[in-house]
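An overview of the molecular structure
Listed here are the chains, written in short residue letters.
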Amino acid sequence: QVQLVESGGGLVQPGGSLRLSCAASGSIGSINAMGWHRQAPGKQRELVATVTSGGTTNYADSVKGRFTISRDNAKNTVYLHMNSLKPEDTAVYYCNADVRQRNRINFYSYWGQGTQVTVSS
């Protein structure tokens, strides 16, 4: 099995910064894309950012220039550095990874349990 565990959420004032981490563990053969999504109350889950195993990144327009996604392939960990946070960034943030388990052929998408980010004064 594969588990994704997020950490780093919390309460921050507008204009502040936070760093989220998500570590994948278990029977991991290889990981393709990793990413972050978020879901605000009453809204659908939306993509925030993704990063491929080769380091290519993609961002939602709403976070470009403020958020940076990165990963440490040796640690099977993805990070989201969030700067200049706004109240509209308030949401539960979920990490996601496309993982192939050891001795398996196909990749499957796994999700973390989510971590709350609240931006408020």
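These remarks concern the structure in this document. (Residues numbered from 1 in each chain as written. Predicted model: local features only at pLDDT ≥ 70, side-chain atom pairs only at ≥ 80, totals over all residues. Heavy atoms only, no water.)

On to the side chain of E6. Along the chain, E6 turns up in strand 1 (residues 2–7). Here E6 sits buried without a salt bridge, and the closest side chain of opposite charge, R45, lies 7.6 Å off (N-O distance). A polar contact is formed between the side chain of E6 and the backbone nitrogen of C95, at a distance of 2.7 Å. A polar side-chain atom of E6 sits 3.0 Å from the main-chain amide nitrogen of Q113. What E6 contacts, discounting residues up to four positions off in sequence, is S21, C22, W36, Y93, Y94, C95, G112, Q113, G114 and T115. (Helix = DSSP H or I, 4+ residues; strand = E, 2+ residues; numbered from the N terminus. Buried < 20%, exposed > 50% of the residue type's maximum accessible area, 1.4 Å probe, protein only. Lys, Arg positive; Asp, Glu negative; His and termini not counted. Salt bridge = Lys/Arg side-chain N within 4 Å of Asp/Glu carboxyl O. Polar contact = N/O pair within 3.5 Å; in protein donor to acceptor, adjacent residues only side chain to side chain. Contact = heavy atoms within 4.5 Å.)

As summarised here, the arrangement of the 4 strands in space is 1-3-8-7, forming an open sheet in which the pairing is antiparallel. The two strands at the open ends of the sheet, each matched to only one other strand, are strand 1 and strand 7 (67–72). Direction aside, the axes of adjacent strands within the sheet are offset by 15° on average. Looking at chain direction, strand 1 and strand 3 (residues 18–26) are connected through 6 bridges and run antiparallel. Considered in strand 3, the bridge of V5 is made with A23. (Pairing = 2+ DSSP bridges. Axes fitted to C-alpha atoms, helices over the stretch in contact; angles between N-to-C directions.)

Note that T115 resides in strand 11 (residues 115–119). Separated by 61 residues in the primary sequence, T115 and G54 place their C-alpha atoms 26 Å from one another. Among residues more than four places away in sequence, those in contact with T115 are E6, G9, L20, A91, V92 and Y93. A distance of 3.3 Å separates the side chain of T115 from the backbone nitrogen of G9, its partner in a polar contact.

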